[in-house]
Amino acid sequence: MPKNKGKEGKNRCEGKNEKESEKGELVLKEDWQEYAQVINMLGNGQFKAVCFDGVKRLGHIRGKLRKKVWIKTSDIILVDHRDYQDNTADVILVYNADEARSLEAYGELPEHAKINETDTFGSGDDDEIQFDDIGDDDDEHIDDI
């Protein structure tokens with residue numbers, strides 16, 4: 001008789017992405033929830049996000065979503081801020097780009113929310129950095145040696 005393979009095997013992997021193809025209805029926020037945009041990922045299931053009520057919060061991916069939903073920078077998410085820690089929030093839902101555009105069309109997101117852009121909150125002035133020329137002073141010190 002063959003051994004029971006347990007969790008391994010070809011049949012376990014089949015049909016894994018069935019939920020992705022389904023289009024459910026768009027989930028809107030409740031009174032205690034807030035929309036946010038991820039600024040950067042910190043690791044260990046944590047990230048920094050700017051909620052659209054104007055508060056920067058440290059976010060935490062709860063266990064139900066961990067290793068099932070991947071969050072990256074500039075994603076629009078739905079968070080539940082904690083009553084006892086105002087600067088901490090838990091992720092409830094991650095919106096893909098199409099859902100985020102729908103939220104923007106419904107007027108749920110503010111105008112300054114940028115969807116699918118990596119530089120969400122930067123000033124964009126990195127190309128205009130001025131450097132001082134101090135190369136002339138170094139040549140004199142080399143001649144003295």
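Residues numbered from 1 in each chain as written. Predicted model: local features only at pLDDT ≥ 70, side-chain atom pairs only at ≥ 80, totals over all residues. Heavy atoms only, no water.

Under an unreviewed UniProt entry, the name given to the chain is S1-like domain-containing protein, and the organism recorded is Otolemur garnettii. Under the heading Sequence similarities (unreviewed entry), UniProt records this for the chain: "Belongs to the eIF-1A family." (UniProt positions renumbered as here; feature names shortened; annotations may be inferred.)

Engineer: What should I look at first to understand the overall build of the chain in this one?
Structural biologist: Along the backbone of the chain there are four helices and five strands. Counting only residues that meet the buried cut, the chain has 26% of its 145 residues in that class. At a minimum sequence separation of 6, the contacts of the chain that also span at least 24 residues come to 50%. A total accessible area of about 11,800 Å² is found for the chain, and carbon and sulfur atoms account for 46% of it. (Helix = DSSP H or I, 4+ residues; strand = E, 2+ residues; numbered from the N terminus. Buried < 20%, exposed > 50% of the residue type's maximum accessible area, 1.4 Å probe, protein only. Contact = heavy atoms within 4.5 Å. Areas by Shrake-Rupley, 256 points an atom, 1.4 Å probe, with all protein chains shown as cover.)

Engineer: Would you explain the sheet that holds strand S4 (residues 76-81) in this entry?
Structural biologist: Note on sheets: strands pair through backbone hydrogen bonds, and any given pair is parallel or antiparallel. Spatial strand order, S1-S2-S3-S5-S4: five strands in a closed barrel with mixed pairing. Neighbour-to-neighbour, the strand axes of the sheet open up by a mean angle of 50°, direction not taken into account. Sheet topology note: the strand S1 (residues 33-43)/strand S2 (residues 46-51) ladder contains six bridges and is antiparallel. Note on S2: the bridge partner recorded for Ala36 is Cys51. (Pairing = 2+ DSSP bridges. Axes fitted to C-alpha atoms, helices over the stretch in contact; angles between N-to-C directions.)

Engineer: I would appreciate a short explanation of the pattern of salt bridges in the present structure.
Structural biologist: Pairing between side chains of opposite charge can happen when the charged atoms of each approach one another. In total, this model carries six salt bridges according to the counting rule given. In this structure, Arg57 and Asp86 form a salt bridge, with 3.5 Å as the shortest nitrogen-oxygen distance. Pair noted here: Arg57 is in strand S3 (residues 56-60) and Asp86 is in the loop between S4 and strand S5 (88-95), with a separation of 29 residues, a long-range link. In the salt-bridge network here, residues are joined through shared partners; they are Asp53, Arg57 and Asp86. (Salt bridge = Lys/Arg side-chain N within 4 Å of Asp/Glu carboxyl O.)

Engineer: What is the right way to read unusual backbone geometry from this model?
Structural biologist: Glycine aside, residues mostly have negative phi, and peptide bonds are mostly found in the trans state. For Lys67, which is not glycine, the phi dihedral falls at a positive 65°. Lys67 gets classed as exposed once you look at its relative accessible area, which sits at 72%. Positive phi, normally seen in glycine, also occurs at Ser74, with a value near 75°. Mapped onto the fold, Ser74 is located in the loop between S3 and S4. The class of Ser74 is buried, set by a relative accessible area of 9%.

Engineer: Honestly, the packing of aromatic side chains in this entry has me stumped. Any pointers?
Structural biologist: The description of an aromatic ring pair rests on the distance of the ring centres and on the angle between the ring planes. Applying the stated criterion across every chain yields a total of one aromatic pair. When the centroid spacing of 6.1 Å and the interplanar angle of 50° are considered together, the rings of Tyr35 and Tyr95 count as tilted. Separated by 60 residues along the polypeptide, Tyr35 in strand S1 and Tyr95 in strand S5 bring together distant segments of the chain. The class of Tyr35 is buried, set by a relative accessible area of 1%. Classification of Tyr95 by relative accessible area gives buried; the value is 3%. (Phe/Tyr/Trp six-rings, centres within 6.5 Å; stacked < 30°, edge-to-face > 60°.)

Engineer: What should I look at first to understand the nonpolar core in this one?
Structural biologist: Note that soluble globular proteins tend to have their nonpolar side chains buried in a common cluster. With 13 residues, the main nonpolar core has Ala36, Phe47, Ile61, Ile71, Ile77, Val79 and Val91 as its most contacted residues. When residues of this core are traced back to their parent elements, those giving at least two are S1, S2, S4 and S5. Among residues more than four places away in sequence, those in contact with Ile71 are Val38, Met41, Phe47, Ile61, Val91 and Val94. (Core = buried A, V, L, I, M, F, W, Y, C linked by side-chain atoms within 4.5 Å.)

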